[in-house]
Number of protein chains: 2
Amino acid sequence: MRGVVLHAPGDVRVEDLPEPTVDEPTDAIIRLAAACVCGSDLWPYRGADKLSRPRPMGHEYVGVVEQIGDQVRAIKVGDFVVGSFFASDNTCEICRAGYQTNCVHRSNPGPAQAQLMRVPLADGTLVATPGRPDADLIPSLLAASDVLGTGWFGAVAAEAGPGKTVAVVGDGAVGLLAVLAARELGAERIIAMSRHADRQALAREFGATDIVEERGDAGAAKIKELTGGLGAHSVVEAVGTQQSMMQAIGAARPGGHVGFVGVLHDVTIAGNDIFFTHVHVHGGPAPVRRFLPDLIERIWDRRIDPGRVFDLTLPLDQAAEGYAAMDQRRAIKVLLRP
Amino acid sequence: MRGVVLHAPGDVRVEDLPEPTVDEPTDAIIRLAAACVCGSDLWPYRGADKLSRPRPMGHEYVGVVEQIGDQVRAIKVGDFVVGSFFASDNTCEICRAGYQTNCVHRSNPGPAQAQLMRVPLADGTLVATPGRPDADLIPSLLAASDVLGTGWFGAVAAEAGPGKTVAVVGDGAVGLLAVLAARELGAERIIAMSRHADRQALAREFGATDIVEERGDAGAAKIKELTGGLGAHSVVEAVGTQQSMMQAIGAARPGGHVGFVGVLHDVTIAGNDIFFTHVHVHGGPAPVRRFLPDLIERIWDRRIDPGRVFDLTLPLDQAAEGYAAMDQRRAIKVLLRP
């Protein structure tokens, strides 16, 4: 089968790879209906994450179950399924508390930028849709696998909700979908921080009521100015740099909440950033599985259209162009047809 | 009047100071029924906080209102009152959200290691007791002013509650009272981290079910061992050093909560300490005013006895000995009779 391999920074190749097999009785093999490139894939692509050997890529997926192990009960061959970027048993104490990305048995599914993939702990990891989706729903279901689930977790971690002002730092797919999540969670006012016209437009479509172009301390100051000097109740951090994290903390009001979902790179938080400010800080790899049943239902009922973040579709074999387009910000998010 | 002044690290003097006056129409002057030395007073006493000039000390207080400004309505002359270490209007948006220590009009009452003190924003800051307290209640009411309120906030910030395992880092008055708070909030299991027999005994009296003597990484590992490898649901940090903060974060389970109330000194948190662990982090100067009405009621009804943390009582004129006793850990907390 064909699959994407990153050989070195900037060196993306699509190669013939061995087909995955059922290695454990709890595994499933799925045939991907669509794959995609994640903002977090750009860290190793840009050389910010060290690569010691060629890495098969991809961790977002939707598709049809082709094969299951003997102990798989909830998922059947032929099901159309959505899963998360960590496999989880969904039964341990940590999963039951809603932190499936820290499941005591967690492992990595995939790689998912391929035609077929292996998903461990299939019963706990995969959620089947009510039936075969219409083609136009597939991008949205694929978004649920990571970027929507991650933006959603950011908004939940930031305690977005009715009466709240929510600011979102980051205008990638995750940030834009955090805007959508904040709207769905009932936020009163949603401030998207972006200086790109196309992303601003999508943010407004997803529910942003205000746009702030300033960044860093100036961005935080602008949020305070827009909120009577207090700051936002909720801030979603969807970038992962020192500047964006400080911007998020600085934009929150005393007692406010920062939900951070950008993969943190060399970020340090000084005690005084969170002591005298009383800002709540919570985040990490989104436990997408917690939200999947709800997200699938909203997509199935066509109440939300998160697939709008895919603004470029390419055949899997042109994955290299997909990476380049995202790296150069020519595309928000790239869908790959396997 | 007599009052305590810190002239330099280790140099505590009790001097004649001018009596405070009503400077603003929202001020009250109170005659202290009791004063005390705070663990946070030891930072400048030990030279860890820089002192540019002699500093009148004290921020914990109970006493009788002697005088009020023209605009004071809720508090009357003759009331016995308890207040917090920050004055707050208790009406602004931040106060109403429960963060009175970040009130938009906050200011400093006191100094309180004295015979009389000025309290700004008296209506928003002070809470009157139902009547004149019996003498034996005064230490507990004084504790409510800071150490109980701070330990309580730590437990609330750590989301201590029914079914939860709560670990407390720090066996000073605040840590010990966080144990009491966790018990009152219904925690199932409370692990006090202490290596001092007298403090261990008081922790058990306040509700600790387990004692852990290990510190740092070993302490965190011990908490994991005691909790099936997962860690505590809730951890209260009541010290404020790098080691204690890392111990607290390391002792929490994925998705768990760290409530930090030790005044942070040169603490930095790496992104990875809180990203992959999913630990919630929240704390700061305790908004004691949020809890005061409830705490006073519990003390008045003799349901809790937080005054037990005072294990040494001295006349105000012997304040220097009080500081030394706390510095050398000969006393948990020192009450001063003005």
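Residues numbered from 1 in each chain as written. Chains lettered and ligands numbered in written order. Predicted model: local features only at pLDDT ≥ 70, side-chain atom pairs only at ≥ 80, totals over all residues. Heavy atoms only, no water.

Chain A is annotated in an unreviewed UniProt entry as Zinc-dependent alcohol dehydrogenase family protein from Microlunatus ginsengisoli. UniProt, in its Cofactor (unreviewed entry) section for chain A, records the words "Zn(2+)". Heading Sequence similarities (unreviewed entry) of the UniProt record for chain A holds this comment: "Belongs to the zinc-containing alcohol dehydrogenase family." (UniProt positions renumbered as here; feature names shortened; annotations may be inferred.)

A tally of helices and strands in chain A yields 12 helices and 17 strands. In terms of overall size, chain A behaves like a compact globule, its C-alpha atoms giving a radius of gyration of 19 Å where 338 residues would be expected to give roughly 20 Å. With the principal axes as the frame, chain A shows a C-alpha extent of 60 × 40 × 40 Å. Taking the contacts inside chain A whose residues are at least 6 apart along the sequence as the reference set, 68% of them involve residues at least 24 apart. Summed over all atoms, the accessible surface of chain A reaches about 12,300 Å², with 47% contributed by carbon and sulfur. Charge centroids of chain A, computed over 33 positive and 41 negative side chains, lie 2 Å from each other. (Helix = DSSP H or I, 4+ residues; strand = E, 2+ residues; numbered from the N terminus. Rg over C-alpha atoms; globule rule 2.2 N^0.38 Å. Contact = heavy atoms within 4.5 Å. Areas by Shrake-Rupley, 256 points an atom, 1.4 Å probe, with all protein chains shown as cover. Lys, Arg positive; Asp, Glu negative; His and termini not counted. Charge placed at Lys NZ, Arg CZ, Asp CG, Glu CD.)

Bringing unusual backbone geometry into the picture now. For the bond from Gly110(A) to Pro111(A), the omega torsion is 5°, close enough to zero to count as cis. Counting through the fold element by element, Pro111(A) comes out in the loop between helix 2 (93-96) and strand 7 (116-119). Its identity is not glycine, yet Glu159(B) carries a phi of approximately 55°, on the positive side. Within the secondary structure, Glu159(B) sits in the loop between helix 5 (147-157) and strand 9 (165-169).

At 3.6 residues per turn, the α-helix brings residues three or four places apart onto the same side. Residues and elements named next belong to chain A. Buried residues of helix 8 (residues 216-226): Gly 216, Gly 219, Ala 220 and Ile 223, and no others. Each buried residue of helix 8 sits inside an arc of 100° when the element is viewed along its axis, so together they form one side. Seen from the buried face of helix 8, the exposed residues on the opposite side, beyond 90 degrees, are Asp 217 and Glu 225. Contacts from the buried residues of helix 8 go to strand 9 (165-169), strand 10 (189-193), strand 11 (210-212), strand 12 (232-237) and helix 9 (242-251). In the segment just after helix 8, Gly 228 is the residue with positive phi, at about 60°. (Buried < 20%, exposed > 50% of the residue type's maximum accessible area, 1.4 Å probe, protein only. Arc of directions from axis to C-beta.)

What follows covers the relation of the copies chain A and chain B. Note: a rotation about an axis with an accompanying shift along it relates these two copies of the chain. Once turned by 180° and shifted 0.0 Å along the axis, chain A lies on chain B with an RMSD of 0.0 Å. The superposition operator between the copies reduces to a two-fold rotation axis. Looking at chain A, 100% of its interface residues are interface residues in chain B too, so the copies touch through the same face. (Least-squares fit on C-alpha atoms with pLDDT ≥ 70 in both.)

By a frequent convention, interface size equals the accessible area lost on bringing the separate parts together. All names here are of chain A. As assigned here, chain A comprises domain 1 (2-146 + 287-337) and domain 2 (148-283). Measuring from the centre of the C-alpha atoms in domain 1 to the corresponding centre in domain 2 gives 26 Å. Contacts between domain 1 and domain 2 engage 26 residues on the former and 24 residues on the latter. Taken together, both faces of the contact between domain 1 and domain 2 bury some 2,000 Å²; the carbon and sulfur share is 63%. Summed over the three residues of domain 1 that lose the most area to domain 2, namely Trp 43, Arg 329 and Ile 332, the buried surface amounts to 29% of that side. Applying the counting criterion to the domain 1 and domain 2 interface returns 3 salt bridges. A salt bridge links Asp 171 to Arg 329, with the shortest nitrogen-to-oxygen separation between them at 2.8 Å. Of all the secondary structure elements, the ones that give two or more residues to the side of domain 1 that touches domain 2 are helix 4 (138-145) and helix 11 (288-300). Among the elements that make up the side of domain 1 that touches domain 2, the one with the highest residue count is helix 11 (7 residues). (Domains from an automatic or database assignment. Buried area = accessible area lost by both parts, 1.4 Å probe. Salt bridge = Lys/Arg side-chain N within 4 Å of Asp/Glu carboxyl O.)

The next point concerns the packing of helix 5 (residues 147-157) of chain A against helix 11 of chain A. Residues and elements named next belong to chain A. Orientation of helix 5 relative to helix 11, taken along the N-to-C sense of each, is 110°, at an axis distance of 10 Å. Relative to helix 11, the element helix 5 lies roughly perpendicular. For the crossing formed where helix 5 meets helix 11, the hand is right-handed. Residues Leu 148, Gly 149, Thr 150, Trp 152, Phe 153 and Val 156 of helix 5 touch helix 11, and the partners they reach there are Val 288, Arg 290, Phe 291, Asp 294, Leu 295, Arg 298 and Ile 299. (Axes fitted to C-alpha atoms, helices over the stretch in contact; angles between N-to-C directions. Parallel < 35°, antiparallel > 145°, perpendicular 65-115°, else oblique. Left-handed = near helix turned anticlockwise from the far one by under 90°.)

Moving on: the sheet that holds strand 1 (residues 2-8) of chain A. Each strand in a sheet pairs with its neighbour through backbone hydrogen bonds, running either in the same direction (parallel) or in the opposite one (antiparallel). Residue and element names in this part refer to chain A. The sheet built from 3 strands is open, its strands ordered 2-1-4 with antiparallel pairing. Both outer strands of the open sheet, strand 2 (11-16) and strand 4 (55-56), are each paired with one neighbouring strand and no more. For strand 1 and strand 2, the ladder comprises 6 bridges, and the chain directions are antiparallel. Bridge pairing in strand 2 links Arg 2 to Asp 16. Contacting strand 1 and strand 2, helix 12 (residues 319-327) runs over the sheet at an angle of about 155° to strand 2. (Pairing = 2+ DSSP bridges.)

So, about the side chain of His282(A). Its location among the elements puts His282(A) in strand 15 (residues 280-283). Looking at His282(A), its side chain comes within polar contact range of the side chain of Tyr99(A), at 2.8 Å. Here His282(A) is in contact with Tyr99(A), Phe153(A), Ala157(A), Val258(A), Gly259(A), Phe260(A), His278(B), Val279(B) and His280(B), once residues within four sequence places are set aside. (Polar contact = N/O pair within 3.5 Å; in protein donor to acceptor, adjacent residues only side chain to side chain.)

A word on the pattern of salt bridges. Counted according to the given criterion, the structure contains 46 salt bridges over all chains. The residue Arg118(B) makes a salt bridge to Asp23(B) at a minimum N-O spacing of 3.6 Å. Here Asp23(B) lies in the loop between strand 2 (11-16) and strand 3 (28-36) and Arg118(B) lies in strand 7 (residues 116-119), a separation of 95 residues in the sequence. Look at the salt bridges and you will find they share partners, linking Arg183(A), Glu184(A), Asp294(A) and Arg298(A) into a network.

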